[in-house]
Structure formats: structure tokens, C-alpha cells
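Structure at a glance
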Amino acid sequence: MAAEGILLGMGNPLLDISAVVDEAFLSKYDIKLNNAILAEEKHVPMYEEMSTKYTVEYIAGGATQNSIRVAQWLLQKPGATSYMGCIGKDKFGEEMKRDAKLAGVTAHYYEDESAPTGTCAVCVVGGERSLIANLSAANCYKSEHLKRPENWALVEKAKYFYIAGFFLTVSPDSIQLVAEHAAANNKYFSMNLSAPFICEFFKDAQEKVFPYMDYVFGNETEARTFSKVHGWETDNVEEIAIKISQWPKASGTHKRITVITQGADPVVVAEDGKVKLFPVILLPKEKLVDTNGAGDAFVGGFLSQLVQEKSIEECVRAGNYAANVIIQRSGCTYPEKPDFS
């Protein structure tokens, strides 16, 4: 069984505002499917329009928080996971706290007085999703919160860390503190490429922390963007995964393993200069509800086995199981008990 607090996540807690929309809505707000972006001025009215024009669901989200909750669900041991991020002192923030508690996650939120809890518009067309995040309070996380004894205790207790690349836009210094702690204490530190814009516009911040990553997650689009940004001149996901795994490391204790998902195509795992491919569980199109949270769920499933020191094969199998469950439901939600053995 997993020890208490063995896995710690840090990221942007966002309330997903999810709706099935149409192509006209996407083009009106200049939104591309299967993308994730930060909201700009032009996107401000869309949140209101979504709630008046479409049937909207409110689901506790944010990439890292999704992964941690899925790992917690598969572990079925209250308090095996913990999470930190910033919320507002408002109704959505209270909802977030309630959700985390129900999920069995030990959440230490930093509560910001001035900004509302962050939201993320999830626009679904034909089962594919696009994410537009309005970070608000999530953008206000400070490393001072992390350094408080009651919060740093979560870092001390954890043996595995996971942070989505999105957090690079908020608190790179917090990420650095955790990454250095992991390297110094023979622990495991993992991150996600998260979105093309992170690889493109937060390249320096990403590169600074890259040497500390023991596990790097991402999807094929992000991997190809990463390759382009670094001038690797290859679009071959397997080659890119190997190159990522061979990036220099800050500590030689653990080798780096790269895990790239490709939607319905096999998962690519690169380690020791070699690639393994793992087929996903195929789903008939009519059973697909939406892909929101699929990548996060994969990571959560993977981590749930990693913290139990299972093989890479088992980690991927759990990742694929979790992603398969999540795409048959709205948002990153799951039934009460997992059916994974």
C-alpha cells in the first residue's frame, strides 16, 4: 500500500466550466480544438455566453489537481496524495476545498484575498476539447506559502512529485525548490510539457528545471513543439522522446523516462536510448463523451502505480485504464470505485 502523503502535486486549481458548443462559437473566439491557452481580453465575454447559451457543468479541475485526484482514486487510501495551489476566498474556492476533501486528497490551498478562484472554459465539439484558462487566483501562488512549516512538511513527507508545465507561468521558484529537494533527497520529480505555448513561450523557465525531471509526460503535439523550439528538426515522436530522455540531468540517481501519449495511437515510452510502444484501450466513437482530462487521467493512473514501485508496463496500463474511464464521462470525473487490478 502507498504510504500517507507519498505523492505531492502543485499547480493551478481551476474550476472547469464545461459545455458542448459548436464550430461557430469556436471561430467567434478564435479557439482551436485540442489546444490549451491562457485567456486574453477577447475571451472575457465567452464565459458568460457559455453559461447562458449552452448547458454548462462546473467540475473541479486544473491539470495537476486532476492527475492527483485520479491517482488518489486508484490508490483508494485517503491521504496518500497531497496538493498545493492558490484559490480565491469565494464560493468556487469553497467548492474546490470540498471536492478535494471528498476525493481523499490532502489539499493545502493558499487563499488569495484579492482575486477570484481561477476558471477554465472547456469547449467540447465532437468529443474533442479546447481549454481556455482564466487563472485569476491560481496566478497568485507564492513560494512563501510553500515555505511555511505546515506546507513544507508535505514536501518532506512525499517521495514523488508531479507538477504540470502550466505552473511554470505562475511560480517557477516554487518548482525549483521542490525539484532541488527531490534531487538532494533521492526522490522522484516529474513534470508535463502541458501545452505548446509552454514549450514556446516559457522555454527558459522549462529548461531551467528540465535537468531535475525524472519523468517527463506530454502528448504528441507538445513533443513536436518541444522539438521545433529546440531546433531538433524531427517530427518523429519516438526520436523526440529519446532526445528528451537524454537531456542532461542534475542528479545521476535516477535515469529520465519520457512518456508521450498520442490519443488513440500507442503510448511512447523512452528510456536508456530505447523506445517501447504500448497500445491504448480503443473506444467506439459513440462511447466518447469528451477528451477533457484524458491526459491528466493518464498521468494520475501512471503515478498511482509508480508510487507503489510497479513496473513501467503496469504504470502505463493504469494510465490507459484511467484515461479510458475519463473519456466516457464529462470532465475529469470517475465512478466511486476503480475497476483496475
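Just above, that's the structure.
What comes next concerns the included structure. (Residues numbered from 1 in each chain as written. Predicted model: local features only at pLDDT ≥ 70, side-chain atom pairs only at ≥ 80, totals over all residues. Heavy atoms only, no water.)

**Here we look at the packing of helix α3 (residues 63–75) against helix α13 (residues 312–326)**
Worth spelling out the cut-off: Note on geometry: axes are lines fitted to C-alpha atoms, helical ones only across the stretch in contact, with angles between N-to-C directions running from 0 to 180 degrees. Numbering of helices and strands runs from the N terminus; a helix is a DSSP stretch of H or I covering at least four residues, while a strand is a stretch of E covering at least two. Here the angle decides the label: under 35 degrees means roughly parallel, over 145 means roughly antiparallel, 65 to 115 means roughly perpendicular, and every other value means oblique. When checking whether two residues touch, look at their non-hydrogen atoms; a contact exists if any pair is within 4.5 Å. Side-chain classes are defined by residue name, with Ala, Val, Leu, Ile, Met, Phe, Trp, Tyr, Cys and Pro counting as nonpolar, Asp, Glu, Lys and Arg as charged, and the others, Gly among them, as polar.
Remark: α3 packs on α13, axes separated minimally by 11 Å, with the N-to-C direction vectors making an angle of 110°. With respect to their mutual orientation, α3 and α13 come out roughly perpendicular. Across the interface between the two elements, Val 70, Trp 73 and Leu 74 of α3 pack against Ala 318, Tyr 321, Ala 322, Val 325 and Ile 326 of α13. Here the contact of α3 with α13 is composed, by residue class, of eight nonpolar, no polar and no charged.

**A look at the environment of Thr 234**
By the secondary structure assignment, Thr 234 is in the loop between α10 (220–229) and α11 (237–245). Each C-alpha atom, one on Thr 234 and one on Phe 92, is 43 Å from the other, the two residues being 142 residues apart in sequence. Setting aside its immediate chain neighbours within four residues, Thr 234 contacts Ser 227, Glu 239 and Ile 240.

**A look at the packing of aromatic side chains**
Any two aromatic rings considered together are summarised by their centre-to-centre distance and by the angle between their planes. Using the following cut-off: Each aromatic pair joins two rings of Phe, Tyr and Trp (for Trp, the six-membered one) with centres within 6.5 Å, and gets the label stacked for planes under 30 degrees apart, edge-to-face for over 60, and tilted for any other angle. Burial classes: relative accessible area under 20% of the type maximum marks a residue as buried, over 50% as exposed, and values in between as partly exposed (1.4 Å probe, protein chains only).
According to the stated counting rule, one finds 21 aromatic pairs in the structure shown. Considering the side-chain rings of Tyr 110 and Tyr 141, the 6.1 Å spacing of their centres and the 85° angle between planes classify their relative orientation as edge-to-face. With Tyr 110 in strand β6 (residues 106–112) and Tyr 141 in the loop between β8 (128–134) and α5 (143–147), the pair connects residues that are 31 residues apart, well separated along the chain. On the accessibility criterion, Tyr 141 (3% relative accessible area) is buried.

**Here we look at the packing of α3 against helix α12 (residues 294–306)**
Worth spelling out the cut-off: A clockwise turn of the near helix away from the far one marks a right-handed crossing, whereas an anticlockwise turn of less than a right angle marks a left-handed crossing.
The interhelical angle for the contact between α3 and α12, taken along N-to-C directions, is 45°, at an axis separation of 7 Å. One way to sum up the angle between α3 and α12 is to call them oblique. Crossing hand, α3 versus α12: right-handed. Along the contact surface, α3 presents Ala 63, Asn 66, Ser 67, Val 70, Ala 71, Leu 74 and Leu 75, while α12 presents Asp 296, Ala 297, Val 299, Gly 300, Gly 301 and Ser 304.

**Topic: the sheet that holds β8**
Heads up, the condition is: Pairing between strands is defined by DSSP: at least two bridges between the two strands are required.
Within the open sheet, the five strands sit side by side as β3-β8-β7-β2-β4. Their pairing is mixed. Two strands close off the open sheet at either side, each with one partner strand: β3 (36–38) and β4 (57–61). Averaged over neighbouring strand pairs, the angle between their axes works out to 25° when direction is ignored. Note: β3 against β8, three bridges, orientation parallel. Note on β8: the bridge partner recorded for Leu 38 is Ala 133.

**Brief notes about the side chain of Asp 290**
Our working rule: In this tally Asp and Glu are treated as negative and Lys and Arg as positive; neither His nor the chain ends contributes. Salt-bridge detection follows one rule: a side-chain nitrogen of Lys or Arg within 4 Å of a carboxyl oxygen of Asp or Glu. Nitrogen and oxygen atoms within 3.5 Å of one another constitute a polar contact, given that in protein one can donate a hydrogen and the other can accept it, and given that sequence-neighbouring residues count only through two side-chain atoms.
Among the secondary structure elements, Asp 290 is positioned in the loop between β14 (274–278) and α12. One buried charge, Asp 290, has no salt-bridge partner; the nearest side chain with opposite charge is Arg 129, at 7.4 Å. At 2.9 Å, the side chain of Asp 290 forms a polar contact with the backbone nitrogen of Asn 292.

**What about the side chain of Thr 225?**
Relative to the assigned elements, Thr 225 resides in helix α10. Reaching out from Thr 225, the side chain makes a polar contact with the backbone oxygen of Thr 221 at a distance of 2.9 Å. Aside from chain neighbours lying at most four places away, what touches Thr 225 is Pro 196, Cys 199 and Glu 200.

**Structural notes on the pairing of strand β5 (residues 81–88)**
Taking burial as the measure, the eight residues of β5 include eight buried ones, the bulk of the element. Here β5 shows no split at all, with Thr 81, Tyr 83, Gly 85 and Ile 87 on one side and Ser 82, Met 84, Cys 86 and Gly 88 on the other all buried. As defined by bridge partners, strand β1 (residues 7–10) adjoins β5 across four bridges and the pair is classed as parallel. Residue Leu 8 lies in a different strand from β5, and its bridge partner there is Ser 82.

**What about the sheet that holds strand β13 (residues 265–271)?**
A sheet is described by the order of its strands in space; here nine strands give the open sequence β6-β5-β1-β9-β10-β11-β12-β13-β14, paired in mixed fashion. Strands with a single pairing partner mark the edges of an open sheet, and in this sheet they are β6 and β14. Each strand axis lies, on average, 20° off the axis of its neighbour in the sheet, ignoring direction. Bridge count for β1 against strand β9 (residues 160–164) is four bridges, and the pairing is parallel. When the sheet's bridge partners are listed, Leu 8 is paired in β9 with Phe 161.

**Notes on the pairing of β9**
Of all five residues that make up β9, five are buried, and the element is covered over most of its length. Going residue by residue along β9, you find Tyr 160, Tyr 162 and Ala 164 tucked away on one face and Phe 161 and Ile 163 tucked away on the opposite face as well.

**Thoughts on α13**
Every α-helix carries 3.6 residues per turn, so stepping three or four residues along brings you back to the same face. Applicable threshold: For a helix, the expected span equals 1.5 Å multiplied by the number of residues minus one.
Between its first and last C-alpha atoms α13 spans 21 Å; for 15 residues at 1.5 Å apiece the expected length is 21 Å, and the two agree. Counting buried positions over the 15 residues of α13 gives twelve, a clear majority of the element. Of the residues making up α13, those classed as buried are Ile 312, Cys 315, Val 316, Ala 318, Gly 319, Asn 320, Tyr 321, Ala 322, Ala 323, Asn 324, Val 325 and Ile 326. Looking at the buried positions of α13, the neighbouring elements they touch are α3, β11 (215–219), β12 (257–262), β13, β14 and α12.

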